[in-house]
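Here is how the chains run, residue by residue.
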Amino acid sequence: MALTKNLAKQKLKEKKQKSFIAGIPITVWLFIIVLVPVFLMFVMSFRQKSGYEILNVFTISNYLEFFRNDTFWRLLLKSFRMAFMVSISAIITGYPLAYFVSRRLRRFRNLFYMLIITPLWVSYLVRIIAWRTILGNRGLINTALLNLGIIKEPLSIFLYNQASVVLTLTYIAIPFVFIPLYTALEKIPNNLIDAARDLGASEARTFINVIFPLSLPGLVTGFMLSFIIALGDYIIPAQLGGNAGIMYGNVVWAQFGGAFNWPFGAALGFILFFIAAVVLVIAQIFGSKEGIFAE
Amino acid sequence: MDENKLYINNNIPEARVTEETQIKLMAVSKVFQDFIAVDNINLDIKKGEFFSLLGPSGCGKTTTLRMIAGLENPSAGRIMLGGKDVTTIPAYRRDVNTVFQDYAIFPHMHVWDNIYFPLKMRKISRREAAPRIERMLKLVNMSDYAKRFSHQLSGGQRQRIALARALVNEPEALLLDEPLGALDFKLRIAMQTVLKDIQKDLGITFIYVTHDQTEAITMSDRIAVMRQGVVDQIGSPDDIYNKPATPFVASFIGEMNFIDGTVIKELADELIVKIGGFEVTCKKNEYNIKTGDDVLLSIRPEKVYVKPSDILDNEVKATLSRIVFRGDNYQVTTNIDSGELTSVIASKSLDISLNSNELITIGWNVEDARIFPIELKKYIINYK
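Residues numbered from 1 in each chain as written. Chains lettered and ligands numbered in written order. Predicted model: local features only at pLDDT ≥ 70, side-chain atom pairs only at ≥ 80, totals over all residues. Heavy atoms only, no water.

### Points about helix 5 (residues 185–202) of chain B
All names here are of chain B. Definition in use: By definition, any uninterrupted DSSP run of H or I lasting at least four residues is a helix, any uninterrupted run of E lasting at least two residues is a strand, and each is numbered from the N terminus. Multiplying one less than the number of residues by 1.5 Å gives the expected span of a helix. Whether a residue is buried, partly exposed or exposed follows from its accessible area with a 1.4 Å probe, protein chains only, as a fraction of its type maximum: under 20%, in between, or over 50%, in that order. It only takes one pair of heavy atoms within 4.5 Å for two residues to be counted as in contact.
With 18 residues, helix 5 should reach 26 Å at 1.5 Å per residue; the first-to-last C-alpha distance of 26 Å fits that figure. Of all the residues in helix 5, the buried ones are Leu187, Arg188, Ala190, Met191, Gln192, Val194, Leu195, Lys196, Asp197, Ile198 and Gln199. Where helix 5 is buried, its residues meet strand 3 (50–54), helix 3 (126–139), helix 4 (155–167), strand 7 (173–177), strand 8 (205–210) and helix 6 (213–219).

### Some words on unusual backbone geometry
All names here are of chain B. The phi dihedral of Gln33 falls on the positive side, at around 45°, and the residue is not glycine. Of note, Tyr103 is a non-glycine position whose phi angle comes to about 75°, a positive value. Within the secondary structure, Tyr103 is located in the loop between strand 6 (96–99) and helix 2 (111–121). A relative accessible area of 6% places Tyr103 in the buried class.

### Concerning the side chain of Gln157(B)
Here is the rule: N or O atoms closer than or at 3.5 Å make up a polar contact, with two conditions inside protein: a donor-capable atom paired with an acceptor-capable one, and, for residues adjacent in sequence, both atoms drawn from side chains.
With respect to the element layout, Gln157(B) can be found in helix 4. A polar atom in the side chain of Gln157(B) sits 2.9 Å from the backbone nitrogen of Ser154(B).

### Section: the domain arrangement of chain B
Residues and elements named next belong to chain B. Defined as follows: Each domain span listed reflects an automatic or database assignment of domains. Buried area, as used here, totals the accessible surface that two parts lose on assembly, with accessibility defined by a 1.4 Å probe and the loss added over both.
The domains assigned to chain B are domain 1 (21–248) and domain 2 (249–379). Each of domain 1 and domain 2 was reduced to a C-alpha centroid, and the two centroids are 38 Å apart. Each side of the interface is counted separately: domain 1 has 19 residues, and domain 2 has 17 residues. The contact between domain 1 and domain 2 buries some 1,500 Å² in all, and 64% of this surface belongs to carbon and sulfur atoms. Its largest share of buried area at the contact with domain 2, domain 1 owes to Tyr241, Pro247 and Phe248, together 44% of the area lost on that side.

### Regarding the interface of chain B and chain A
To keep things clear, this is the line we draw: What makes a salt bridge here is a side-chain nitrogen of Lys or Arg within 4 Å of a carboxyl oxygen of Asp or Glu, nothing more. Under the scheme applied, nonpolar residues are Ala, Val, Leu, Ile, Met, Phe, Trp, Tyr, Cys and Pro; charged residues are Asp, Glu, Lys and Arg; polar residues are all the others, including Gly.
Taken together, the contact pairs 29 residues of chain B with 22 residues of chain A. For the chain B and chain A pair, buried surface summed over both sides reaches about 2,200 Å², with 59% attributable to carbon and sulfur atoms. Ranking the residues of chain B by area buried against chain A places Tyr92(B), His108(B) and Met121(B) at the top, with a combined share of 28%. The tally of links between chain B and chain A comes to 1 salt bridge. The partner of Arg66(B) in a salt bridge is Asp194(A), and the shortest N-O contact between them spans 2.9 Å. Those elements that provide at least two residues to the side of chain B that touches chain A are helix 1 (61–69), strand 6, helix 2 and helix 4 of chain B. Of the residues forming the side of chain B that touches chain A, the biggest block, 4 residues, is contributed by helix 2 of chain B. Here the side of chain B that touches chain A is built from residues that sort into 16 nonpolar, 7 polar and 6 charged.

### Some remarks on the nonpolar core
Where we set the bar: The set of buried Ala, Val, Leu, Ile, Met, Phe, Trp, Tyr and Cys residues whose side-chain atoms join them within 4.5 Å is what this entry labels a nonpolar core.
The biggest cluster of nonpolar side chains holds 97 residues, and the ones touching the most others in it are Phe106(B) and Phe117(B). Broken down by element, the residue count for this core peaks at 13 residues, all from helix 3 (residues 70–104) of chain A. Dropping the residues within four chain positions of it, Phe106(B) is found in contact with Leu192(A), Ala195(A), Ala196(A), Leu199(A), Val210(A), Asn114(B), Phe117(B) and Arg165(B).

### Section: the confidence of the model for chain B
All names here are of chain B. Stated precisely, the cut-off is as follows: On a range of 0 to 100, pLDDT expresses the predictor's confidence in each residue.
Across chain B, the average pLDDT comes to 87, with 93% of residues at 70 or higher. Under a pLDDT of 50 for its full length, residues 1–15 has, in the predicted model, 29 contacts with residues more than four places off or in other chains. Overall fold confidence (pTM) sits at 0.80, and the ipTM for the predicted complex is 0.81.

### Quick word on the packing of aromatic side chains
Remark: the centre distance and the inter-plane angle together describe each pair of aromatic rings, the angle taken between the planes. For clarity, the cut-off: Each pair of aromatic rings taken from Phe, Tyr and Trp, with Trp reduced to its six-membered ring, is defined by centres within 6.5 Å and is described as stacked if the planes are under 30 degrees apart, edge-to-face if over 60, and tilted in the remaining cases. Only lysine NZ and arginine CZ atoms are considered, and such an atom sits over a ring when it is within 6 Å of the ring centre and within 35 degrees of the ring normal.
Scanning the entire structure with this criterion turns up 29 aromatic pairs over all chains. For the ring pair Phe178(A) and Tyr182(A), a centre distance of 5.6 Å and an interplane angle of 35° mean the geometry is tilted. A residue pair is termed a helical-turn pair when its members lie 3 or 4 positions apart in one helix, as Phe178(A) and Tyr182(A) do in helix 7 (residues 162–187) at 4 residues. Ring plane angle 35° and centroid distance 5.5 Å describe the contact between Trp112(B) and Tyr116(B), whose orientation is recorded as tilted. Residue Trp112(B) and its partner Tyr116(B) are both found in helix 2; the two are separated by 4 residues, about one turn of the helix. For the residue pair Trp112(B) and Tyr116(B), the accessibility class agrees, reading buried in each case. In textbook terms, an aromatic cluster arises when at least three aromatic residues are bridged by ring pairs, as seen for Phe42(A), Phe46(A), Phe58(A), Tyr63(A), Phe270(A) and Phe273(A). Its guanidinium or amino end placed over the ring of Phe106(B), Arg165(B) lies 4.8 Å from that ring's centre, counting from NZ or CZ. Taking NZ or CZ as reference, Arg300(B) lies 4.0 Å from the ring centre of Tyr241(B), over its face.

Laid out in structure tokens, this is it:
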């Protein structure tokens, strides 16, 4: 008895060792790819720019500068607002889509799935330029309106504002909302739907009481993904935002580019990183309801 | 742990089976694409009855249940519930509830909310629902588990919550889809008693789907035996066991000997059948069997006597080929020219002087054997 127990213990130990060895490459990889750059950026954020030189000193002046100058935190607030709007609109569009494809379609389900995630295969920049040609002065919308005789002159209200940035970011975010929602919805066992109907729930009440709550983990994941994508983006605001559509990411990017103030850029980046992490942790806690499909 | 602490009913009333029809299926069929799942069946289920749909997997019993629940629309026929035609009424407006095979407990709600769900759908407030839910939890002996989630419960506990949830609305009928299928043997036996007690206590019609013949026989008032979408026989457990309507029913329930033979003479209400080199007497039955017809003779092993001391109606000589000890009984296999015959003999009464290849007398009484047309032989279920 004791012998078998010892044997089992040793087996478990071996197993643990094995899984430890198997875990080394991924740990090293994570360390090099993620932790080291983040740490270097963290160090950078405490240095100081002087002329065209980065001084090897320790200072928190970069962080103080963020709080001293209201431009930055106002911009950060605005970026949060925009990212929130992007996530909400991506969910409003993506949820019905995911629901329809995962629970209503039978034969063409995989085809639709592929079609919806196809944009991910196209270059990010190409998709942004595509939206410029849709929204621009000689773009799709203006040409259509001109040809229909609704307007005489091309309208410039479609481009270079917050709305165009939110619209394009939403478009970019839809597949990232769709995939986790699709997975969550598809995983809901049919017998739960049957049980709800059997126990007196109409289709609408089945959705409200059973399907929607069970899709919440997917919804939260989708929200977080689109939120991260929108919050950190600087290419779309630069391309389609004009002055009104500028976002926090543009300022960070400018510090590493034209302004050549890497320490300040790093500090700005770290502030974003920290606040976003807090928001995401809160969302995660809120979204991961206990008991869902735990077996 | 808690599985052993089962609901005990000290005061079992008489079964309240009435003559009033509760559920009626009239010429109901269900076709899936090119597969006929249910083929023109008629059922007449009485109020307060424990009615079982019994059959091997794929026989259409679950589809039939789902049609009664409203989860599946019949391709043809009508379904009546309490005198009303409900064929086109959706599931959520039918006054029947289902206990699903894998229980279908909502994973995002705790036990209390699961049982509250059907009441909530009827717009009953939580406060109003509370005493009813309490009573249900007590009924299934799960009062201490109100705040647990599905994944914190064992299979037997989930099963009881599913039962409480389906009963809280006091439906006209409770539909049970192999509810004990996923439980282990001992728990299954215990839960059979629980279910039967609750059914008697509440007087609600139970429609019980199972592939387990023992379960159906021990629990039901009546059983419908299904095969490939059709009902072969509807009757009491006693009828089903002792007067099987077809070789399929005969083979599906219990152990059965089948022997080929030919009718050689017709008497007033008996037939003389030749099996091997012997002539035996059989009762005429609903099959219109005539002289010269090939027949299939069926007889239960426990009705075949080895070396009988009394004179039996039919006696044949057979070669002993095998004796198997099975605990409380012996299975004795003997050979006659046209096949094998097994008998079951209580352990204590076996004559141990039997030798293998010995020629012995075996026999049975006329009323214990049944004959069927030989064409029905193909429906025999053979698990060997």
